[in-house]
Each structure stands twice: as structure tokens, then as C-alpha cells.
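# Chain and residue survey
Residue strings, one per chain:
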Amino acid sequence: MTSPDPKSLRSAFGRYMTGVTVVTAQAPGGSLVGFTANSFTSVSLDPPLLLVCPGRHLSSFDVFSEADHFAVNILADGQESVSNTFAADRGDRFGKTKWDADHNGCALISGRVAGFSCKVTQRVDAGDHMVLFGHVTDFDSSDRPGLGYYQGGYFSLGKERQANAPAHDSRLSLGSVILVHDGNVLLTKDNQLPTVQLDDHTGARNALSFYLHSIGLDAHMGPVYSVYDSPNSGTHHVVLRAQVANLPPDCPLKSVPIRSFEEGPARTDIQFLILRRFAQEHRTQSFGLYLGDMEKGEIHKNDKG
Ligand SMILES: Cc1cc2nc3c(=O)[nH]c(=O)nc-3n(C[C@H](O)[C@H](O)[C@H](O)COP(=O)(O)O)c2cc1C
């Protein structure tokens, strides 16, 4: 155990897997405010209570310190851009998002998994945050899957399940891993990510763990980093992140500095593009999730909370 400093404590807190919410309120003049929050917690069923923790750093902190009402929106898988808007965008957040007002005038985001309209019951000062308790006056919920957040990056339960599930169609399915060790990525001798072919019995996570174990690597497998289809070869790729604590002396993989993918000459192959994005995100420890194909896809990027 060590005594907490903010940076390492933040990283330790970040190991708690959460969903993602957007918390909204109406300022006294009628303008809307909102921020992305993963500090949401259900508190009580009877009476129906929940809490969120707005930070003092928020531009909307004063509004949440005074407001009588607020709303909590649980974001759905695929709503990473909504999360990013309410975490980082400095412009008109509500102009970029579809929403409706609840009966208190607080914004309910379209496509949410669940929404809660709340009356403030209690505020507790808590260091650099405030604990804001709300009495749920109305709510709705759907069976959409929620958006996940873990260690500074989004994850999708759907994609994780897909990565764990055996290959289920006739296409060739490949599992690759971005193995990180001490500021380096471990690549094969021909500069490729370690890759295994997936069969119809084993999912990517297990197949990669098995392969890494067979070459003497003890890797801590992380979340899915990228999922894409390659239309030319008809292959389906799943790329995971993983951390390696100790390199055995006879490791068949070579260490390549992560920063070299940002600095070196650009290549156009998909693995290089993935590694370059990884290098950029590694600097800020803020990882997105790429879904798409080789020609076009979407990076579901986030800014850290
Ligand atoms: C996934 C995620 C969770 C976050 N959770 C919280 C939170 O619980 N409380 C908080 O104050 N800020 C949290 N943040 C940071 C705020 O969303 C961010 O600082 C906010 O956009 C700042 O709003 P402002 O630009 O209006 O000041 C989180 C950010 C992300 C990406």
C-alpha cells in the first residue's frame, strides 16, 4: 500500500468499471448545463434516491450548487460522442445533441438507456467534489446495452462479448493484441501485432491468452481496442490491449518504443494506423474504441474524467 497522490489515486479509482451518464440541470436564466459523469450511484429504493458527484472544476458547478432539480441520463453503447460532447466540448453541447426537456426543464438525452428526473434533497461538500443527492420523481428505462468506462477508455459490452465468443461465420476471424511493456509495444519479427486465427470454439481473448502463455508471456489482458472488417480479404479483426509485467529473456517478440509510431515515417496499413492512434492515446492514457472497416470507421474517443 502507498499513501495516495492524486495521479496514482485517479488511476486506481479508474480500475472500477462504470457506466457513463450525462447529468443536466437548468440555470436560473433558463439556459441548460450538463456534464459527463461516472460518479452516478443508486442509493435507495424507498425513498427513491440516487447521487452524483459534480466536481468544483465544472463550469456548471454553481448551477448544480443552487439547482432544485437535475436529471441523470445513462448513456447507451454507441453514445461515446455524446459523452465526449459533455466532457470536453466548449461550444453549444445541447445544439449537438438530441434531447427533450423533462417537466423540470432538465434535458433528457435521446437514445439513453435510462433517464431519471430528480429533486435535490441534499448536498454534501466532499473535497474537490460535491455529493448531490436526488429524489427520483420520474424515470424511464429501456433494454438497450449501456456504454462502459474503464481505465480512461470506453468499452462496449457487446464488443467484449463478441471478442469472447467463438468465430461464428465462414469469414476468417483474426485476434491481435497490442502488448505494452515498459513504454514499448511488442511486435513480431516482421513488425506485426501478435495475431492468432480464431476458430469456432475459442474467442479472441482466450485464444490470445493461450498463445501468449505458449511463448512464455504472462499478459494482463485489457479491453477491446479495435474491431474492423477487411473487405478485400473478407477477414474480421478484433484487437485487444494487454499489459506485460515481465519479459522472459527468450521472448520471440521485439520491443518497439510506443512513441516511434508517432515519430516514424507514416505507413498506410491498418496495423500501423492502429498503432499510431494507440501511441497518441497512450500519451494521455485516454483510449478510444475503433469500430468500422479498413476504409472508414469511427473512433469512439473520449477525454478523461
Ligand atoms: C467518463 C467520464 C466520467 C466523468 N465523471 C465525472 C464526474 O463524476 N464528476 C465530475 O465532476 N466530472 C466528471 N467527468 C469530467 C467532466 O465531464 C468534465 O470535466 C466536464 O466536461 C467539464 O465540464 P465543463 O467543461 O462544463 O467544466 C467525467 C468525464 C468522463 C469522460
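Refer to the structure above for everything that follows.
Residues numbered from 1 in each chain as written. Predicted model: local features only at pLDDT ≥ 70, side-chain atom pairs only at ≥ 80, totals over all residues. Heavy atoms only, no water.

Attention shifts here to the overall build of the chain. Each helix and strand counted, the chain has seven helices and 20 strands in total. Its C-alpha atoms give the chain a radius of gyration of 22 Å, within 12% of the compact-globule value 19 Å for 305 residues. The C-alpha extent of the chain, read off along each of the three principal axes, is 65 × 45 × 40 Å. Each of the 305 residues in the chain was classed as buried or not, and the buried ones make up 46%. Of all intrachain contacts in the chain linking residues separated by at least 6 positions in sequence, the fraction that spans at least 24 positions is 64%. Here the chain displays about 15800 Å² of accessible surface, and carbon together with sulfur accounts for 53% of that area. (Helix = DSSP H or I, 4+ residues; strand = E, 2+ residues; numbered from the N terminus. Rg over C-alpha atoms; globule rule 2.2 N^0.38 Å. Buried < 20%, exposed > 50% of the residue type's maximum accessible area, 1.4 Å probe, protein only. Contact = heavy atoms within 4.5 Å. Areas by Shrake-Rupley, 256 points an atom, 1.4 Å probe, with all protein chains shown as cover.)

Around the ligand sit 20 residues, and of these Ser39, Gly55, Ser59, Ala87 and Arg90 come closest. Measuring from an oxygen atom of the ligand, one finds a backbone N or O atom of glycine 55 at 2.7 Å. Between the ligand and arginine 90 there is a distance of 2.6 Å, counted from an oxygen atom to a side-chain nitrogen or oxygen. Notes on the ligand: free accessible area 640 Å², of which the protein chains cover 93%. (Near = heavy atom within 4 Å. Polar contact = N/O pair within 3.5 Å; in protein donor to acceptor, adjacent residues only side chain to side chain.)

Taken as a whole and assessed by the stated rule, the structure comprises eight aromatic pairs. Measuring from centroid to centroid gives 5.9 Å for phenylalanine 94 and tryptophan 99, while their planes differ by 80°, and the two rings are edge-to-face. Look at tryptophan 99 and you get partly exposed, because its relative accessible area is 31%. A ring pair is formed by phenylalanine 261 and phenylalanine 272, whose centres lie 6.5 Å apart and whose planes are at 55°; its orientation type is tilted. Here the residue phenylalanine 261 occupies a position in helix 6 (residues 260–263), and phenylalanine 272 occupies one in helix 7 (residues 270–284), the gap between them amounting to eleven residues. Taking relative accessible area as the criterion, phenylalanine 272 reaches 4% and is therefore assigned buried. (Phe/Tyr/Trp six-rings, centres within 6.5 Å; stacked < 30°, edge-to-face > 60°.)

For the rest of this paragraph, the subject is the state of the cysteines. Within this structure, the stated rule accounts for zero disulfides. Considering cysteine sulfurs only, cysteine 118 is the nearest to cysteine 106, which forms no disulfide, with 8.6 Å between them. Under the relative-accessibility criterion, cysteine 118 is labelled buried at 0%. (Disulfide = S-S within 2.5 Å.)

Grouped together as the largest cluster of nonpolar side chains are 24 residues, with contacts concentrated most on Val23, Phe64 and Phe70. Only strand 2 (21–26), strand 3 (32–37), strand 5 (49–52), helix 2 (61–66), strand 6 (69–74), strand 9 (114–126) and strand 10 (129–141) provide two or more residues apiece to this core. When residues of this core are assigned to their parent elements, the largest contribution, four residues, is made by strand 9. The next biggest cluster of nonpolar side chains, apart from the first, holds 21 residues, and it includes Leu217, Val224, Val244 and Cys251. (Core = buried A, V, L, I, M, F, W, Y, C linked by side-chain atoms within 4.5 Å.)

Reading across the sheet, the three strands line up as 1-11-12 and stay open at both edges, with antiparallel pairing between neighbours. Each end of this open sheet is capped by a strand with a single partner; those strands are strand 1 (18–19) and strand 12 (153–156). Two strands pair when backbone bridges link them, and strand 1 and strand 11 (residues 147–150) are joined in this way by two bridges, in the antiparallel orientation. When the sheet's bridge partners are listed, threonine 18 is paired in strand 11 with tyrosine 149. (Pairing = 2+ DSSP bridges.)

With that settled, consider the sheet that holds strand 3. Backbone hydrogen bonds hold the strands of a sheet together, and the pairing may be parallel or antiparallel. Ordered by their spatial adjacency, seven strands build an open sheet running 3-2-6-9-10-5-4, and the pairing between neighbours is antiparallel. Across the chains shown, the open sheet's two edge strands, defined by having one partner strand only, are strand 3 and strand 4 (41–44). Strand-to-strand twist across the sheet, computed as the mean angle between neighbouring axes with direction ignored, equals 35°. Alignment of strand 4 against strand 5, held across three bridges, turns out to be antiparallel. The partner of serine 44 across the bridge, within strand 5, is leucine 49. Sitting on the sheet, helix 3 (residues 80–88) touches strand 2 and strand 3, and the angle it makes with strand 3 is about 115°. (Axes fitted to C-alpha atoms, helices over the stretch in contact; angles between N-to-C directions.)

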